[in-house]
Structures are given as C-alpha cells and as structure tokens.
Amino acid sequence: MRTNLLTVNEFEAAARIIRVGGLVGIPTETVYGLGANGLNPLAVDRIFQAKGRPQDNPLILHIPDPSWLERYCQDIPKSAWQLAKRFWPGPLTMILRRKSIVPDVVTAGLDTVGMRCPAHSVCRAVIQAAGVPVAAPSGNLSGKPSPTTARHMLDDMDGRINAILDGGDCQVGVESTIIDLTCRPPRLLRPGGVPLEELQAVLGEVEVDPAVVRPLDEGEKPRAPGMKYRHYAPKAPVTVVRGDPLRSAQYILDHITASYWEGVICFNEFAHWFEDHPVEQLGGSLDRFEHARRLFRALRAMDENGVKHIWAQCPDTDGMGLAVVNRLNKASGFHIVDA
Ligand code: AMP
Ligand code: MG
C-alpha cells in the first residue's frame, strides 16, 4: 500500500478514505491520530493491525461537536456537559457509558467509551465531512513515542495506511487527558493536555488512578487498559532524573560518561553543559507547556541520532508537568533517580 501525504486543502479526500473504510493519519492539537470510521468494525480492526496494537486496548471516538455525544453515549451525567462546555473542543477525553451502536472492537468489549471533541480545525473539518465519528489512537507504532509531526507519523506508518493529512506540528504535544465519569468521584485515568487542577476546578474532588503515578503491580488491572503497556519508548534506555532543575542537571553532569552516545534531554538553561553530547532542549525549566510540546520530538530525535543511553531532566508535576512526568516515566520503564 502506498501512503499518500495530503495537504490541508485535501481534507475532503481524507474524509472520503475514512468513509469507505480506509485509514488516515489526522492532525490534532495533541498528537497525530490514526483515524478510521468508528462505526465500521472492519475499518477499526485495521487500526489495530497497522499499529500492532493489542486488541484489549480500546480507542477514543472523535466527534466534531458535543451534541454528537448523545448518539453514542447513555446515562450522560451533568458533569460531562459541564466539562464539554469548559474544555471542548480541546484535549479532554471523557469515559462514558456507551450505546450499543458503538462497535465492540472500538471499546475492546467494555460497556464504556472514550469520547473527545478535538480543537484542531482541520481535524474537525475531516470528521464533519466524513459524517461519522472517527475512532483514533495515536498514530505511532505500538510502544513508540506518539507522532507530533506528519513526518514522524510517516516514519512509523509508511506503507501501512492510505494517507496522512499534514496539518503542521501539534500544539499540545502530549495526548488528551482521560477522565472517567462513570464512577464517583470522577477518576483521572491519564494526565494530558488539560491539567488536573483545571478539572478539579470544575468537578471538585478527582481521584487519580494509581497507574498515572506508579508502575502497576503484577496482576493489578488498570482502568485504562492502555496504561499497562510499555509506552512512548525510544530504542535507547532512558534514565529520568528527578529534583530541582539545578540539582538534576548537576546529577547528569556527574554521572554521564565521556561517550558521545549518551544523549541528554534537558531544560534550555543547561544545554551548554552537555556540549559534547547529543542534546534535545525541552524549553525553559518553568515552561511546562513547552516541555509537553517538545517531549516526543526529543525522544524521537535521540533515536535518529543513534544514541545508546538517554538522560532526561524531569519537571515537577504541577499543571502540564503531570502529563510530561507520566510520559517520561513510562518511556523509561520507571527508571527514575532522585538528584
Ligand atoms: P491512544 O489513543 O493511543 O492515546 O489510546 C487511547 C487511550 O484511551 C488508551 O490508554 C486506552 O486504554 C484509553 N481508553 C479508551 N477507551 C477507554 C475506555 N472505555 N475506558 C478506559 N480507557 C479507555
Ligand atoms: Mg497511544
């Protein structure tokens, strides 16, 4: 199969591919997604094949407008409408009770479904033109860092899908926040583009799922099936260094060897400390939105440089920091040291 790169002007061609059961890479504000007609089980099944994704890891349904929620969900709580009003279109996924019109393959057989209304205008135009909800996970091969540019998606998916619509670089850079509204209190299943603090401001108490902050014990079952898999991982092993930025930079300087093949992901202020190594800058040490925007790009760049070991400075967990820390921890298989 040849994978065509489409420009934003060709969004109707992307919609046509989706309508007839094909696979299209679509830009969103979070990361590039691998989209298919969410009401067509055969098309959705192709997503799992193209990514090498385990069948028990459900997908998110993307809709162009909050009013579509009622087509696919039942028992929608008031809180869902409050969140939609505040954060949609935007990087928030709500877990709600599904209607039977949603195919089992989308939800991995669960009686709930993840729903999101994305903010990227091109993405919404594609879904509108397709006229169906678009099932889409991130557009990477299973286990790899999510793609935040069309080229990164092409690197993973060339020859496996029909087309990629190039809508430019993703502005958020990490996936959507996932909140489960089928339990009380609501539960954060994955930190992402909407910070936990902003959800708390609307919902009051929010429980944080253990899988967000620590590796799960043997036999422990996560609420978001995807959280159990090794994820976001570059080829090289990663050591995450936690602590005050000055101390974590110093820790890396003290422990890095002279080998050129040890790379560093660090805050801009410290880049010049590691001149003899491949360096990817995350942004200024307090610019948490920039860290999110650059993280996956930095991990992929390390692989492109052929680095054999990656040292990464870790931000704190305030605001967008929680999502960045979660992705870094998973990329490293929770190989974390305290500076
Ligand atoms: P991705 O699109 O690659 O970010 O993957 C979607 C994420 O949403 C995975 O971590 C899934 O486990 C999670 N997810 C999707 N649907 C549900 C659901 N019904 N309940 C819990 N988690 C879900
Ligand atoms: Mg993913």
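See the structure shown above.
Residues numbered from 1 in each chain as written. Chains lettered and ligands numbered in written order. Predicted model: local features only at pLDDT ≥ 70, side-chain atom pairs only at ≥ 80, totals over all residues. Heavy atoms only, no water.

(A) Molecular detail of the site of ligand 1. Around ligand 1 there are 21 residues in total, and Asn57, Thr112, Pro137, Arg190 and Gly226 lie nearest to it. Between ligand 1 and the protein, one listed contact pairs an oxygen atom with a side-chain N or O atom of arginine 53 at 3.1 Å. Within the side chain of threonine 112, a nitrogen or oxygen atom sits 3.0 Å from a nitrogen atom of ligand 1. Relative to its unbound accessible surface of 500 Å², ligand 1 loses 97% to contact with the protein. In a pocket analysis with a 2 Å cut-off to the grid points, ligand 1 is assigned to the largest pocket. (Near = heavy atom within 4 Å. Polar contact = N/O pair within 3.5 Å; in protein donor to acceptor, adjacent residues only side chain to side chain. Areas by Shrake-Rupley, 256 points an atom, 1.4 Å probe, with all protein chains shown as cover. 1 Å grid on protein atoms, 1.4 Å probe; cavity = no way out; pocket = protein on both sides within 12 Å on 5 of 7 lines; lining within 4 Å. Sits in = over half its atoms within 2 Å of the grid points.)

(B) Focus on the sheet that holds strand E15 (residues 279-281). If you trace the 5 strands from one edge of the open sheet to the other, you get E15-E14-E16-E13-E17, paired in parallel fashion. Single-partner strands in this sheet number two, and they are E15 and strand E17 (336-338). Pairs of neighbouring strands in the sheet enclose a mean axial angle of 20°, with direction left out of account. Pairing of strand E13 (residues 238-242) with E17 involves 3 bridges; the strand directions are parallel. Opposite valine 241, over in E17, you have valine 337 as the bridge partner. Docked against the sheet, helix H10 (residues 245-255) engages E13, strand E14 (262-266), strand E16 (309-313) and E17, running at close to 160° with respect to E16. Packed on one face of the sheet, helix H12 (residues 321-331) meets E13, E16 and E17 and runs near 140° to E13. (Pairing = 2+ DSSP bridges. Helix = DSSP H or I, 4+ residues; strand = E, 2+ residues; numbered from the N terminus. Axes fitted to C-alpha atoms, helices over the stretch in contact; angles between N-to-C directions. Contact = heavy atoms within 4.5 Å.)

(C) Examining the pairing of E16 more closely. Counting buried residues in E16 gives 4 out of 5 residues, a clear majority hidden from the surface. Pairing geometry for E13 and E16, over 4 bridges, is parallel. For valine 241, the partnering residue across the bridge sits in E16 and is glutamine 313. Looking at chain direction, E14 and E16 are connected through 4 bridges and run parallel. Bridge pairing in E16 places isoleucine 265 opposite alanine 312. (Buried < 20%, exposed > 50% of the residue type's maximum accessible area, 1.4 Å probe, protein only.)

(D) Spotlight on empty space enclosed by the protein. A complete count under the given rule lists 2 cavities of 30 Å³ or more for this structure. What the second largest cavity holds in volume is close to 40 Å³. Considering the residues around the second largest cavity, the lining is formed by Thr177, Leu188, Pro191, Gly192, Val194, Pro195, Leu196, Gly319, Met320, Leu322 and Ala323. Residues that form the lining of the second largest cavity fall into these classes: 8 nonpolar, 3 polar and no charged. (Points joined across faces, edges and corners; volume = space filled by probe spheres on them. Nonpolar A, V, L, I, M, F, W, Y, C, P; charged D, E, K, R; others polar.)

(E) Inspection of the packing of aromatic side chains at higher detail. For the structure shown, the criterion picks out 4 aromatic pairs. Measuring from ring centre to ring centre gives 5.1 Å for phenylalanine 270 and tryptophan 273, while their planes differ by 80°; the resulting arrangement is edge-to-face. In this structure tryptophan 273 comes out as partly exposed when scored by relative accessible area, which is 26%. Ring pairs connect the aromatic residues Phe270, Trp273 and Phe274, which therefore count as one cluster. When the ring centre of tryptophan 68 is taken as origin, the NZ or CZ atom of arginine 71, which lies over that ring, is 4.0 Å away. Above the plane of the ring of tryptophan 261 lies lysine 308, whose end atom (NZ or CZ) is 5.5 Å from the centre. (Phe/Tyr/Trp six-rings, centres within 6.5 Å; stacked < 30°, edge-to-face > 60°. Lys NZ or Arg CZ within 6 Å of the ring centre and 35° of its normal.)

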